[in-house]
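Structural description and commentary
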Amino acid sequence: QVQLVESGGGLVQAGGSLRLSCAASGRTFSSTAMGWFRQAPGKEREFVAAVSWSGSNTYYADSVKGRFTISRDNAKNTVYLQMNSLKPEDTAVYYCAASFSYRETLLPDYEYANWGQGTQVTVSS
């Protein structure tokens with residue numbers, strides 16, 4: 001089990017930036033794959049970005065490629081999502097999630113066993 005706590009959400013104007021953080025505890029973070037997902041009002045949850053357990057591979061949704069960057073700091077047991085050039089359509093609750101898979105590939109949602117409580121990101125036009 002991994003406990004996850006997100007932070008860093010807020011209100012920002014279009015074109016601005018935010019950095020989300022997700023602090024993990026309860027399991028060796030360095031052997032845990034991490035992902036970011038989001039859910040906008042009235043919409044299904046969608047994948048945003050992920051980093052493999054080794055940190056060797058990162059994955060992004062097409063809608064955020066070139067604007068968002070996922071990174072991990074194993075010394076701090078934290079995964080980050082740097083979000084630049086934000087758009088109103090990025091408005092959503094953002095969740096981080098942990099997977100115990102060692103596969104170096106884009107993991108499906110159901111392979112993420114633990115989820116944080118979410119942090120709200122609102123982008124105004």
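What counts and what doesn't
Residues numbered from 1 in each chain as written. Predicted model: local features only at pLDDT ≥ 70, side-chain atom pairs only at ≥ 80, totals over all residues. Heavy atoms only, no water. Helix = DSSP H or I, 4+ residues; strand = E, 2+ residues; numbered from the N terminus. Core = buried A, V, L, I, M, F, W, Y, C linked by side-chain atoms within 4.5 Å. Buried < 20%, exposed > 50% of the residue type's maximum accessible area, 1.4 Å probe, protein only. Contact = heavy atoms within 4.5 Å. Polar contact = N/O pair within 3.5 Å; in protein donor to acceptor, adjacent residues only side chain to side chain. Salt bridge = Lys/Arg side-chain N within 4 Å of Asp/Glu carboxyl O.

1. A short note on the environment of Lys76
- Mapped onto the elements, Lys76 comes out in the loop between strand E7 (68-73) and strand E8 (78-83).
- As for Lys76 and Phe29, which are separated by 47 residues in sequence, their C-alpha atoms are 9.0 Å apart.

2. Section: the nonpolar core
- Counting residues in hydrophobic clusters, the biggest one holds 36 residues, and the most contacted among them are Trp36, Leu81, Met83 and Tyr94.
- Contributions of two or more residues to this core are made by strand E3 (18-25), strand E4 (33-39), strand E5 (46-51), E7, E8, strand E9 (92-99) and strand E11 (119-124).
- Leu81 has contacts with Leu18, Arg19, Leu20, Trp36, Val48, Ala49, Phe68, Thr69, Ile70 and Tyr94, leaving out every residue within four places of it along the chain.

3. A word on the environment of Ser125
- Position of Ser125 relative to the elements: it lies in the segment after E11.
- Taking relative accessible area as the criterion, Ser125 reaches 88% and is therefore assigned exposed.
- Apart from residues lying up to four places away in sequence, Ser125 is in contact with Ala14 and Pro88.

4. Looking at the side chain of Ser101
- Along the chain, Ser101 turns up in the loop between E9 and strand E10 (114-115).
- Residue class for Ser101 comes out buried when judged on its relative accessible area of 11%.
- For Ser101, the side chain forms a polar contact with the main-chain nitrogen of Arg103, separated by 3.1 Å.

5. Some words on the environment of Asp73
- When you line up the elements, Asp73 lands in strand E7.
- Placed 44 residues apart in sequence, Asp73 and Phe29 show a C-alpha to C-alpha distance of 9.2 Å.
- Excluding residues within four positions of it along the chain, Asp73 makes contact with Phe29, Thr78 and Tyr80.

6. Observations regarding the side chain of Asn114
- Note that Asn114 resides in strand E10.
- Given the relative accessible area of 8%, Asn114 is considered buried.
- Here the side chain of Asn114 touches Gln1 through a polar contact of 2.5 Å, side chain to side chain.
- If sequence neighbours within four positions are ignored, Asn114 has contacts with Gln1, Val2, Leu4, Cys96, Ala97, Ala98 and Phe100.

7. Considerations on the pattern of salt bridges
- If you walk through the whole model with that rule in mind, you get six salt bridges.
- Taking the shortest distance from any N to any O, the salt bridge between Glu46 and Arg38 comes out at 2.6 Å.
- With its nearest N and O atoms 2.9 Å apart, the salt bridge here joins Asp90 to Arg38. Here Asp90 is found in the loop between E8 and E9, whereas its partner Arg38 is found in strand E4, with 52 residues between them in sequence.
- On the basis of relative accessible area, Asp90 is assigned to the buried category, the value being 1%.
- Judged by its relative accessible area of 6%, Arg38 is buried.
- When salt bridges that share partners are traced, they join Arg38, Glu46, Arg67 and Asp90 into one network.

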